[in-house]
Amino acid sequence: MKPVNTMKLQFEGRSVNESFSRTAVAAFVAQLDPTVEELADIKTAVSEAVTNCIVHGYRDRLGIVYISASLYPDRRIQIKVRDKGCGIPDIQRAMEPMYTSVPEEERAGLGFAVMQSLMDRVKVISKEGKGTTVTLERSIRCKGE
Amino acid sequence: MSVQIEIAEEYCIARLIGEIDHHNAKELRDAIDNAVMTGQVRELDLDFREVSFMDSSGIGLVMGRYKLMQELGGSLHLINIAGHLKKVMMLAGLDRLAILDRPEQRRRRPPAEPVPEEAPEEMQEAGNFEEELEEIPFGIGGEEV
């Protein structure tokens, strides 16, 4: 299925950009006229994915975070959040609720669990030393349905 | 993001304002912990009424304060949790800690006179908050602080 609209965003992996990026994605998704709840879900999932890039992917350096988003005719939105950071050695483990590789930062270890709860589909591709791509998918209901 | 902190005796309320994410969680944590430690607080309320967004960084913040209050032999309660925030907290299982909201009458008001020694007023941790308390109107005795 061909997307009806796409956008790309790239920015420095500074934590101040977590807010910028989730707001930018929300503004793009807004053209589907989502509910407040749908928008909050998407913002939260994007925030988790971007935070992962910054906290984990680029743990010890400043790198670029890439986001692309596509809207499909069936009101589905696909968002890819990518970093060229350290990669995840064990994706299964990283996705376990409460697991965190940085306990000293007081992270809850719930990033992936939150993404999975709020999105219809979450896909993670990662290669050590190369980076990680998280793909989030969510259908936006037609109002009145 | 900002936080307004009021302390009266061993009771402290921290009103969180704005968005809670990885970027500003540390600042909030430091402000709250500083107030708790310097004020010798044993009863901490976190008020989420003015929080417009929260991701799992907020869960980390809550869990960290929960542990801190446990270590101090005190208690933590979260108040004015609604909509999106409630969803994120529930999926993190924070409802199982029995710290979400609570009936108004259980609140200990800052005493006008010294409290007699024999009135320790144990906090009850049991109860089904779901039933008793959506949107409890909230105010503390020390409003003039």
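Everything discussed here concerns the structure shown above.
Residues numbered from 1 in each chain as written. Chains lettered and ligands numbered in written order. Predicted model: local features only at pLDDT ≥ 70, side-chain atom pairs only at ≥ 80, totals over all residues.

Let us look at the overall build of chain A. Looking only at helices and strands, one finds 4 helices and 5 strands in chain A. When the helices and strands of chain A are listed from N to C terminus, the series reads β-α-α-β-β-α-α-β-β. Taken over the C-alpha trace, chain A has a radius of gyration of 15 Å; the compact-globule value for 145 residues is 15 Å, and the two agree within 12%. For chain A, the spread of C-alpha atoms along the three principal axes comes to 45 × 30 × 25 Å. Expressed as a percentage of its 145 residues, the buried residues of chain A come to 40%. (Helix = DSSP H or I, 4+ residues; strand = E, 2+ residues; numbered from the N terminus. Rg over C-alpha atoms; globule rule 2.2 N^0.38 Å. Buried ≥ 20, exposed ≤ 12 C-beta atoms within 10 Å, placed from the backbone.)

Quick look at the nonpolar core now. With 65 residues, the main nonpolar core has Ala45(A), Ala49(A), Val81(A), Met115(A) and Ile59(B) as its most contacted residues. For this core, the element with the highest residue contribution is helix α2 (residues 36-57) of chain A, accounting for 10 residues. The contacts of Ala49(A), once residues within four sequence positions are left out, are Val81(A), Met115(A), Val134(A) and Leu136(A). (Core = buried A, V, L, I, M, F, W, Y, C linked by C-beta atoms within 7 Å. Contact = placed C-beta atoms within 7 Å.)

For the rest of this paragraph, the subject is the sheet that holds strand β4 (residues 121-127) of chain A. Residue and element names in this part refer to chain A. With antiparallel pairing, the 5 strands of this open sheet are ordered in space as β1-β2-β3-β5-β4. Of all the strands in the sheet, just β1 (5-12) and β4 have a single pairing partner and so form its edges. Each neighbouring strand pair of the sheet contributes to a mean axis angle of 10°, computed without reference to strand direction. As defined by bridge partners, β1 adjoins strand β2 (residues 64-71) across 8 bridges and the pair is classed as antiparallel. Its bridge partner being in β2, Glu-12 is matched across the sheet by Ile-64. (Pairing = 2+ DSSP bridges. Axes fitted to C-alpha atoms, helices over the stretch in contact; angles between N-to-C directions.)

This part covers the pairing of strand β3 (residues 43-54) of chain B. Residue and element names in this part refer to chain B. Buried residues dominate β3, accounting for 9 of its 12 residues. With 9 bridges connecting them, strand β2 (residues 11-20) and β3 associate as parallel partners. Residue pairing across strands places Tyr-11 opposite Glu-43, the latter belonging to β3. Once the chain exits β3 it traverses helix α2 (residues 56-71) before rejoining the sheet at strand β4 (residues 75-79), and the crossover so formed is right-handed. (Right-handed = clockwise from strand over helix to strand, strands pointing away.)

This part takes up the pairing of strand β1 (residues 2-8) of chain B. Residues and elements named next belong to chain B. Where β1 meets β2, 7 bridges bridge the pair, whose relative direction is antiparallel. Each bridged residue has a counterpart across the sheet, and for Glu-6 the counterpart in β2 is Ile-13. Joining the antiparallel neighbours β1 and β2 is a turn of 2 residues, in which Glu-9 adopts a positive phi near 55°.

Before going further, it helps to spend a moment on the environment of Arg82(A). Structurally, the position occupied by Arg82(A) is in strand β3 (residues 76-83). The sequence separation of Arg82(A) and Arg138(A) amounts to 56 residues, and the corresponding C-alpha distance is 18 Å.

Below, the discussion takes up the interface of chain B and chain A. The partner chain A presents 19 residues to the 17 residues of chain B that form the contact. Secondary-structure elements contributing two or more residues to the side of chain B that touches chain A are α1 (22-38), α2 and α3 (83-91) of chain B. No other element matches α2(B), which puts 6 residues into the side of chain B that touches chain A. Residues of the side of chain B that touches chain A, tallied by class, amount to 6 nonpolar, 7 polar and 4 charged. (Nonpolar A, V, L, I, M, F, W, Y, C, P; charged D, E, K, R; others polar.)

All names here are of chain A. One can describe the packing of α2 onto helix α4 (residues 111-118) by two numbers: an axis separation of 9 Å at closest approach and a directional angle of 150°. Regarding the angle of α2 to α4, the classification is roughly antiparallel. As for the relative orientation of α2 and α4, their crossing is left-handed in sense. Across the interface between the two elements, Asp-41, Thr-44, Ala-45, Glu-48, Ala-49, Thr-51 and Asn-52 from α2 touch Gly-111, Val-114, Met-115 and Leu-118 from α4. Per-class residue counts for the contact of α2 with α4 are 5 nonpolar, 4 polar and 2 charged. (Parallel < 35°, antiparallel > 145°, perpendicular 65-115°, else oblique. Left-handed = near helix turned anticlockwise from the far one by under 90°.)

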